[in-house]
Structures are given as C-alpha cells and as structure tokens.
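Spelled out, the chains give:
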Amino acid sequence: QLQLVESGGGLVQPGGSLRLSCAASGFTVDRYAIGWFRQAPGKEREGVSCISSSGGSTNYADSVKGRFTISRDNAKNTVYLQMNNLKPEDTAIYYCATKISGLFGRCVLWNDEYDYWGQGTQVTVSS
C-alpha cells in the first residue's frame with residue numbers, strides 16, 4: 001500500500017526553524033517525484049517545493065527560496081523539508097505528495113499533477 005506520513009510540525013516563533021519529514025512506504029522515494037504543498041485557512045493549496053525521482057532537480061516557490069530546502073534520505077525512504085527563517089505567512093497545513101502517472105519522475109509544483117497525499121502536519125508561526 002502506498003502511504004505518505006508527514007511529521008515535524010508545531011508552533012515556532014518568527015525567525016525560527018522546523019524540519020518536516022515525509023516517510024514513504026509502499027514505494028521508494030527514488031522512484032517518483034515528491035512534492036511539498038501547504039494550505040492556509042481560506043486559501044488554495046500551493047506548491048512549496050519538490051524533488052525529482054533522480055534527486056537531481058528541485059524546485060521552490062518564490063516565497064520560500066533561500067529559506068526552505070528539500071532533501072531526501074534514501075536509506076530511510078524519507079523526504080525532508082528544512083524550513084528556516086519562518087514567517088507568519090508560512091502558517092499552514094503542510095502536505096507531502098507523490099505522482100505515479102505520466103511524467104512521474106519530474107519535479108513540478110502543480111498540485112493537480114499529484115496522485116497520493118499524506119494527511120498533513122500543522123505549522124504555526126506566531127510570537
């Protein structure tokens with residue numbers, strides 16, 4: 001069974017850091033592209049970052065470039081999102097997702113490209 005489980009969310013002050021984890025099962029993270037998305041109350045889901053199946057290509061939303069870094073540990077079959085210098089506008093539920101059809105190894109930030117989603121982890125940035 002293909003499954004994604006997010007963890008690592010929580011409450012952090014502006015300027016702080018968090019590391020989110022996306023643990024995959026039922027497939028290996030070098031098989032399909034993995035993306036991180038977020039959704040704040042009243043807003044549409046938006047792409048944050050992604051990594052290609054090869055690991056050779058990554059992509060970031062303009063709003064997080066220079067602050068967030070996506071990486072993976074093949075041995076643990078886990079993808080990470082390191083979030084530094086967090087801002088209140090980063091507050092959202094963060095989801096990881098994978099796409100297994102079409103160009104399934106390509107890193108894109110369009111949420112309708114993705115087929116399987118985790119349940120999400122809450123990130124709150126507040127003083």
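Quantities reported herein were computed from a predicted structural model and do not represent experimental measurements.

J.: Please explain the packing of aromatic side chains as it appears in this structure.
T.: Centre distance and the angle of the planes are the two values used to describe a pair of aromatic rings. The full count for this structure, using the stated rule, is six aromatic pairs. With 5.6 Å between their ring centres and 50° between their planes, Phe27 and Tyr32 make a pair best called tilted. We note that Phe27, like Tyr32, is buried.

J.: Looking at this structure, I do not really get the pattern of salt bridges. What am I missing?
T.: One side chain can pair with another of opposite charge once the charged atoms of both are near each other. In total, this model carries four salt bridges according to the counting rule given. Across the salt bridge formed by Asp90 and Arg38, the nearest N and O atoms sit 2.9 Å from each other. On the criterion of sequence distance, the pair formed by Asp90 in the loop between strand S8 (78–83) and strand S9 (92–98) and Arg38 in strand S4 (residues 34–39) is long-range, its members being 52 residues apart. A relative accessible area of 0% places Asp90 in the buried class.

J.: What is the right way to read the sheet that holds strand S1 (residues 3–7) from this model?
T.: What links the strands of a sheet is backbone hydrogen bonding, and the strands pair in either a parallel or an antiparallel sense. The strand order across the open sheet built from four strands is S1-S3-S8-S7, with neighbouring strands paired in antiparallel fashion. The sheet is open, and its two edges are formed by S1 and strand S7 (68–73), each paired on a single side. Taking the axes of each pair of neighbouring strands and ignoring which way they run, one obtains an average angle of 20° across the sheet.

J.: Which parts of the structure should I look at to understand unusual backbone geometry?
T.: With glycine set apart, most residues show a phi of negative sign, and most peptide bonds adopt trans. Positive phi, close to 55°, is recorded for Asn77, a residue that is not glycine. Backbone geometry at Asn85 places phi at a positive 50°, although glycine is not the residue there. Examined against the element boundaries, Asn85 turns out to sit in the loop between S8 and S9.

The rules we used
Residues numbered from 1 in each chain as written. Predicted model: local features only at pLDDT ≥ 70, side-chain atom pairs only at ≥ 80, totals over all residues. Heavy atoms only, no water. Phe/Tyr/Trp six-rings, centres within 6.5 Å; stacked < 30°, edge-to-face > 60°. Buried < 20%, exposed > 50% of the residue type's maximum accessible area, 1.4 Å probe, protein only. Salt bridge = Lys/Arg side-chain N within 4 Å of Asp/Glu carboxyl O. Helix = DSSP H or I, 4+ residues; strand = E, 2+ residues; numbered from the N terminus. Pairing = 2+ DSSP bridges. Axes fitted to C-alpha atoms, helices over the stretch in contact; angles between N-to-C directions.

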